[in-house]
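An overview of the molecular structure
Listed below are the residues making up each chain.
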Amino acid sequence: MMPKNILRSLFNGEFSAWERRPIRTEENKTVHRKIEDENRYFIQKMSIDDGERFQKLENLYTYSNEFEQEDAFAYGFRLAAMLMCAVFMSDGEPTSKCSE
């Protein structure tokens, strides 16, 4: 739930913009279970060296995904800022609040 005064809550450290509640739908849980089952299956079929390489590859995918999530967050934040500027526009021109 979003705090009533988001700016005050952000300033006081009551929540962090990068923290999100995990997705807890049944569909999401099912997909994660399938991914874990498939990983386990392939790792059991591989040699120890191949299994380790496979796990390192999975870690690289996770690391790469973090970059994508960070970029998506930054893009969303910029988009929200542009939206706020549009709210303060008057006849197509920014008001003093948006151009400061």
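As the structure is a prediction and not an experimental result, all values here were calculated from the model.

**What to know about the overall build of the protein**
In terms of helices and strands, the protein carries 4 helices and 2 strands. Counting all 100 residues of the protein, 5% fall into the buried class. In the structure as shown, the protein presents an accessible area of about 9700 Å², 57% of it carried by carbon and sulfur atoms.

**Some details on the pattern of salt bridges**
Counting across every chain of the model gives 2 salt bridges. A salt bridge links Asp-37 to Arg-40; its shortest N-O distance comes to 2.9 Å. Highlighted residues: Asp-37 and Arg-40, both in helix 2 (residues 26-45), separated by 3 residues, approximately one helical turn. Here Arg-40 falls in the partly exposed class, since its relative accessible area comes to 44%.

**A word on the packing of aromatic side chains**
What the rule picks out here adds up to 3 aromatic pairs. Measuring from ring centre to ring centre gives 5.1 Å for Tyr-41 and Phe-42, while their planes differ by 80 degrees; the resulting arrangement is edge-to-face. Residue classification places Tyr-41 among the partly exposed residues on the basis of a relative accessible area of 42%. What makes Phe-42 partly exposed here is its relative accessible area of 38%. Between Tyr-63 and Phe-67, the ring centres sit 4.9 Å apart and the planes meet at 70 degrees, which makes this aromatic pair edge-to-face.

**Topic: a nonpolar patch on the surface**
A surface patch of nonpolar side chains, amounting to about 370 Å² of accessible area, comprises Leu-83, Met-84, Val-87 and Phe-88. Mapped onto the secondary structure, Leu-83 falls in helix 3 (residues 48-87).

**Details of a negative patch on the surface**
Taken together, the side chains of Glu-66, Glu-68, Glu-70 and Asp-71 make up a negatively charged region of the molecular surface. Locating Asp-71 in the fold gives a position in helix 3.

**So, the confidence of the model for the protein**
Regions with low pLDDT should not have their predicted coordinates read in detail. Residue-level pLDDT values for the protein average 80, and 76% of them are 70 or greater. Here helix 4 (residues 96-99) is the element of the protein with the lowest mean pLDDT, 54, and helix 2 is the one with the highest, 93.

**Examining the side chain of Asn-39**
Along the chain, the position of Asn-39 falls in helix 2. The residues contacting Asn-39, other than those within four sequence positions of it, are Phe-54 and Glu-58.

**Observations concerning the environment of Phe-54**
Tracing the backbone through its elements, the reader meets Phe-54 in helix 3. In the structure, Phe-54 is positioned 11 residues away from Ile-43 in sequence and 7.5 Å away in space, judged by C-alpha atoms. Leave out the neighbours within four places in its chain, and Phe-54 touches Asn-39, Ile-43 and Met-46.

Thresholds applied
- Residues numbered from 1 in each chain as written.
- Predicted model: local features only at pLDDT ≥ 70, side-chain atom pairs only at ≥ 80, totals over all residues.
- Heavy atoms only, no water.
- Helix = DSSP H or I, 4+ residues; strand = E, 2+ residues; numbered from the N terminus.
- Buried < 20%, exposed > 50% of the residue type's maximum accessible area, 1.4 Å probe, protein only.
- Areas by Shrake-Rupley, 256 points an atom, 1.4 Å probe, with all protein chains shown as cover.
- Salt bridge = Lys/Arg side-chain N within 4 Å of Asp/Glu carboxyl O.
- Phe/Tyr/Trp six-rings, centres within 6.5 Å; stacked < 30°, edge-to-face > 60°.
- Patch = residues over 30% accessible without salt bridge, like charges linked within 9 Å, V, L, I, M, F, W, Y side chains within 5 Å.
- Lys, Arg positive; Asp, Glu negative; His and termini not counted.
- Charge placed at Lys NZ, Arg CZ, Asp CG, Glu CD.
- pLDDT = per-residue confidence, 0-100.
- Contact = heavy atoms within 4.5 Å.

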